[in-house]
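# A look at the structure
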Amino acid sequence: DIQMTQSPSSLSASVGDRVTITCRASQSISSYLNWYQQKSGKGPKLLIYAASSLQSGVPSRFSGSGSGTDFTLTISSLQPEDFATYYCQQSYSTPWTFGQGTKVEIK
Amino acid sequence: QVQLQESGPGLVKPSETLSLTCTVSGGSISNYYWIWIRQPPGKGLEWIGYIFYSGNTNYNPSLKSRVTLSVDTSKNQFSLKLSSVTAADTAVYYCARGSWDIAVPGTTLDYWGQGALVTVSS
């Protein structure tokens, strides 16, 4: 199985901050990497697919980059509605696997 | 707007079979992957498996011996059966749609249900 490791596991930030979350795969996954946002009690929401493509309807303050084993999700200016948990996920090979999540909290 | 809704018993006894159905509305079940994912309380996401609309399946090896997925295109539904459950199977179970495009790497889970909590307890 491909292991996905996110860092940090949690972070505290203020509205307006630039936030960066990293995801590392245990082997190369090319650009087969998606990012999701999950709010408490809800199903995850797709933000970024194929490492850097913004899903329709997602604000442009979200961006993704990387390929191979190292990936980044960036929120350019954190908004109140962005406080949530973020997961990366690889679909390069089955079993599809997720990172352990990064919880973004209010500072 | 595509919507997915999980349904099924919220309480299952140990050693019995967990059964959930996902109803898809606002779109066709054809040409997509249909996926089950679970999340134990306070933990991360685990992929259970997928079924293509044509019926082809792929299961997580960690659950493969106990999982069966099926699809009913006439009802726009797909289903999960997990046998011989234990307390470790207590989780919120999500259904999701997997979209693919020949020009895009991988499969994206672009629509999710709200989740169904299933508790395994006697």
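Structure's up top.
Residues numbered from 1 in each chain as written. Chains lettered and ligands numbered in written order. Predicted model: local features only at pLDDT ≥ 70, side-chain atom pairs only at ≥ 80, totals over all residues. Heavy atoms only, no water.

### Some details on the state of the cysteines
Working definition: the covalent bond between the sulfur atoms of two cysteines is a disulfide. As a reminder of what qualifies: In what follows, a disulfide is any cysteine sulfur pair within 2.5 Å. Put simply, DSSP H or I for four residues or longer makes a helix, DSSP E for two residues or longer makes a strand, and each gets a number counted from the N terminus. Only protein chains enter the calculation, and the probe is 1.4 Å; a residue is then buried if its accessible area is under 20% of its type maximum, exposed if over 50%, and partly exposed in between.
This model, assessed by the stated rule, comprises two disulfides over all chains. Two residues, Cys23(A) and Cys88(A), share a disulfide whose sulfurs are 2.1 Å apart. Linking Cys23(A) and Cys88(A), the disulfide has an S-S dihedral of approximately 70° and is accordingly described as right-handed. Taken together, the positions of Cys23(A) in strand S3 (residues 19–25) and Cys88(A) in strand S9 (residues 85–90) put the pair 65 residues apart, joining distant regions of the chain. What makes Cys88(A) buried here is its relative accessible area of 0%. Two residues share a disulfide in this structure: Cys22(B) and Cys95(B), whose sulfurs sit 2.0 Å from each other. Judged by the torsion about the S-S bond (60°), the Cys22(B)/Cys95(B) disulfide is right-handed.

### Regarding the sheet that holds strand S7 (residues 62–67) of chain A
All names here are of chain A. Definition in use: At least two bridges found by DSSP between two strands is the condition for calling them paired. Fitting a line to C-alpha atoms yields each axis, with helices limited to the stretch in contact; the angle taken between N-to-C directions then spans 0 to 180 degrees.
With antiparallel pairing, four strands are arranged side by side in an open sheet as S1-S3-S8-S7. At either margin of the open sheet sits one strand with a lone partner, and together these are strand S1 (4–7) and S7. The average angle at which neighbouring strand axes cross in this sheet is 15°, direction not considered.

### Focus on the pairing of strand S3 (residues 18–25) of chain B
Residue and element names in this part refer to chain B. Burial of the side chains of S3 is restricted to one face: Leu18, Leu20, Cys22 and Val24 are buried, whereas none of Ser19, Thr21, Thr23 and Ser25 on the reverse face is. Alignment of strand S1 (residues 3–7) against S3, held across five bridges, turns out to be antiparallel. Bridged to Leu4 within S3 is Val24.

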